[in-house]
Amino acid sequence: MLATTAVTIVVVGVFNVFIDPLGVFSSPRIAGISAIKPYPDHHREFVRYASARHLCSDVGIFGNSRAEIGFDPESIALATQGLSAYNHAIPGTSATTSYRQILWLQAANCLPMKIILGVEFFDFLGGTSSRPLPTLRTDPAPRLDVRFFAESVFSITGVRDSLATLFLQRSRYPATLTERGFNPLYHYIPEVEQSGQYVLFRQRAEENFRKWTHKPLRLRPTDGGVSDDEQAVKAILDTLAQAGAKTHIIIYPYHAQIRMMIERLGMGGLFSDWKRLVFAVAESQRSRGNSVEVWDFSGVAPETREAIPIKGDRKTHLAHYWEAGHFKKELGDLVIARVFGDQRNFGVKLERDNIDNWLLLDRQRVQSLLTTPSPLLDEVNDILSDH
């Protein structure tokens, strides 16, 4: 009996390591068996850290779900420059998580020398008081230890994940994470075909309204100190500067619907103040000779004004957005290309001599949308009138 139990446990462990649903054992990805990995719903930091450490890429992409879904490390702009990239972004996380990931990579001698760092206005909104920053002692890098094996290899969870991997190989629209950390969001395609993209826009807009209106309208704590997110971004830039890395800070390309809601809810000035704050943090580094750029892609532009399909339209798939807060890789590719040298007009690189004029023009464009009749304005008014 004991021998049978032991053999069963060993077989389960070997099977789970062979399938390697989390991609942490560097097991070969076999077509039709384990090439496509399921999107991880646990050990998300470890999944990325293990892959990133294995690849030791030239470019690292950090941020939240907007970066994870929008920035494809296999973008043509990066490939044509011979750059290897990895997407470290994790949904629902703040700059503190990015800082922790960077510390781990640095300790593993795998810190990328070019960084794309997405920053989020809504993380800064409310001015949460700063907490002690993570360190390698308080937040050591994840590793293959007894606890991980117990939870993910010799467990029902491990078997479930392995079986899910086998079934996923035959899925037309798999929920997956690529070998380079990109979430292509294929599983949203059937949702669009079933419900239409209008529903995705509307649901997200209402969720955003509820989240935003619960936060105080400030960027720093009431005592005037540095907020938690500002502290983390400063720490990231300090660490990267000391390592000699170049950082491209990205202000995400929000759809115009979000910009109009921000303005209508009285946060338009605060949004501009936040951009100034991010720019000032970067300028502080630049004044010391460190390589930091700030790019603003949130402005009103043809790419961010894509018309939302009407209710009931289940055929239209937008070129650039899943919903107002999450852009597709097609738009992310434009962002990456612009940052790495493309000369087209999408996005503005913030400099000392253009930031004042740009922020004024940017806000005027949003305010113009709010005074010009359009289906988008009707939709924004409808969302806000419901609350």
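Residues numbered from 1 in each chain as written. Predicted model: local features only at pLDDT ≥ 70, side-chain atom pairs only at ≥ 80, totals over all residues. Heavy atoms only, no water.

A. Quick look at helix 12 (residues 256-264). Taken across its nine residues, helix 12 has eight buried, putting it largely inside the fold. Within helix 12, the full set of buried residues consists of Ala-256, Gln-257, Ile-258, Arg-259, Met-260, Met-261, Ile-262 and Glu-263. Taken together, the buried residues of helix 12 touch helix 6 (121-124), helix 10 (197-212), helix 13 (268-286), helix 15 (355-369) and helix 16 (375-385). Gly-266 lies just past helix 12 and shows a positive phi near 80°. (Buried < 20%, exposed > 50% of the residue type's maximum accessible area, 1.4 Å probe, protein only. Helix = DSSP H or I, 4+ residues; strand = E, 2+ residues; numbered from the N terminus. Contact = heavy atoms within 4.5 Å.)

B. Broad picture of the side chain of Glu-323. Its place among the elements puts Glu-323 in strand 6 (residues 321-323). Separated by 2.8 Å, the side chain of Glu-323 and the backbone nitrogen of Gly-325 make a polar contact. Within the local environment of Glu-323, its side chain forms a polar contact with the side chain of His-326, the two groups lying 2.5 Å apart. Sequence-distant contacts of Glu-323, that is, excluding residues within four places in its chain, are made with Leu-200, Phe-201 and Arg-204. (Polar contact = N/O pair within 3.5 Å; in protein donor to acceptor, adjacent residues only side chain to side chain.)

C. Geometry of the nonpolar core. The biggest cluster of nonpolar side chains holds 101 residues, and the ones touching the most others in it are Phe-71, Phe-121, Ile-249 and Trp-274. In terms of residues, this core owes the most to one element, helix 13, which gives eight residues. In contact with Ile-249, not counting residues within four places along its chain, are Leu-117, Val-119, Leu-237, Val-278, Ala-282, Val-292, Glu-293, Val-294 and Trp-295. (Core = buried A, V, L, I, M, F, W, Y, C linked by side-chain atoms within 4.5 Å.)

D. Structural view of the sheet that holds strand 4 (residues 246-251). Ordered in space as 2-1-3-4-5-8, the six strands form an open sheet in which the pairing is mixed. Two strands in the sheet have a free side with no partner beyond their single neighbour: strand 2 (85-87) and strand 8 (348-349). Relative to strand 2, strand 1 (residues 59-62) runs parallel, the two being bridged by three bridges. The residue bridging Ile-61 from the neighbouring strand is Asn-87, located in strand 2. (Pairing = 2+ DSSP bridges.)

E. View of the pattern of salt bridges. One pass over the full model with this rule turns up 31 salt bridges. Here Glu-206 makes a salt bridge to Arg-202, at a shortest N to O gap of 2.9 Å. Here Arg-202 and Glu-206 lie together in helix 10, a separation of four residues that amounts to about one turn. Residue classification places Arg-202 among the buried residues on the basis of a relative accessible area of 11%. For Glu-379, the salt bridge goes to Arg-202, with nearest N and O atoms at 3.1 Å. One end of the pair, Glu-379, is in helix 16; the other, Arg-202, is in helix 10, and 177 residues separate them in sequence. Residues joined by salt bridges that share partners form a network here, namely Lys-246, Glu-283, Arg-286, Glu-293, Lys-349, Glu-351 and Arg-352. (Salt bridge = Lys/Arg side-chain N within 4 Å of Asp/Glu carboxyl O.)

F. Highlighting helix 11 (residues 228-243). Here helix 11 contains 16 residues, and its C-alpha end-to-end distance of 23 Å stays within 8% of the 22 Å for a straight helix at 1.5 Å per residue. Every buried residue of helix 11 is accounted for by Asp-228, Asp-229, Glu-230, Ala-232, Val-233, Ala-235, Ile-236, Leu-237, Thr-239, Leu-240 and Ala-241. Those residues of helix 11 hidden inside the fold are in contact with helix 5 (95-107), strand 3 (114-119), helix 6, strand 4, helix 13 and strand 5 (292-296). Taken from the residues just after helix 11, Gly-244 is the one with a positive phi, measuring 80°. (Expected span 1.5 Å × (residues − 1).)

G. How the structure looks around the pairing of strand 3. Within strand 3, five of the six residues are buried, which leaves it mostly tucked inside the rest of the structure. Pairing of strand 1 with strand 3 involves four bridges; the strand directions are parallel. If you follow Phe-62 over to strand 3, its bridge partner there is Leu-117. Relative to strand 4, strand 3 is paired through six bridges, and the arrangement is parallel. Of the residues in strand 4, the one forming a bridge with Ile-116 is His-248.

H. Examining the layout of surface pockets more closely. Here the largest pocket defines a volume of roughly 540 Å³. Contributing to the lining of the largest pocket are 27 residues, with Ser-65, Gly-92, Arg-204, Lys-211 and His-326 lying nearest its centre. Among the secondary structure elements, those contributing two or more residues to the lining of the largest pocket are helix 3 (65-70), helix 6, helix 10 and strand 6. Its residues placed into classes, the lining of the largest pocket shows nine nonpolar, ten polar and eight charged. (1 Å grid on protein atoms, 1.4 Å probe; cavity = no way out; pocket = protein on both sides within 12 Å on 5 of 7 lines; lining within 4 Å. Points joined across faces, edges and corners; volume = space filled by probe spheres on them. Nonpolar A, V, L, I, M, F, W, Y, C, P; charged D, E, K, R; others polar.)

I. Representation of the state of the cysteines within the structure. Applying the stated criterion across every chain, the model contains one disulfide. Disulfide pairing is shown between Cys-56 and Cys-110; the S-S distance is 1.7 Å. Its S-S torsion of about -50° marks the bond between Cys-56 and Cys-110 as left-handed, since a negative value means left-handed. Of the two residues, Cys-56 sits in the loop between helix 2 (44-55) and strand 1 while Cys-110 sits in the loop between helix 5 and strand 3, which places them 54 residues apart along the sequence. With a relative accessible area of 35%, Cys-56 lands in the partly exposed category. Its relative accessible area of 8% is what places Cys-110 among the buried residues. (Disulfide = S-S within 2.5 Å.)

J. Broad picture of the packing of aromatic side chains. For the structure shown, the criterion picks out 19 aromatic pairs. Judged by centre distance (5.3 Å) and plane angle (55°), the ring pair of Phe-71 and Phe-327 falls under tilted. One end of the pair, Phe-71, is in the loop between helix 3 and helix 4 (76-79); the other, Phe-327, is in strand 7 (residues 326-327), and 256 residues separate them in sequence. This pair shows no difference in class: Phe-71 is buried, exactly as Phe-327 is. With 5.8 Å between their ring centres and 15° between their planes, Phe-271 and Trp-274 make a pair best called stacked. Taken together, the residues span about one helical turn, with Phe-271 and Trp-274 both in helix 13 at a distance of three residues. The class for Phe-271 is buried, based on a relative accessible area of 1%. Over the face of the ring belonging to Trp-322 we find Lys-328, whose NZ or CZ atom lies 4.6 Å from the ring centre. (Phe/Tyr/Trp six-rings, centres within 6.5 Å; stacked < 30°, edge-to-face > 60°. Lys NZ or Arg CZ within 6 Å of the ring centre and 35° of its normal.)

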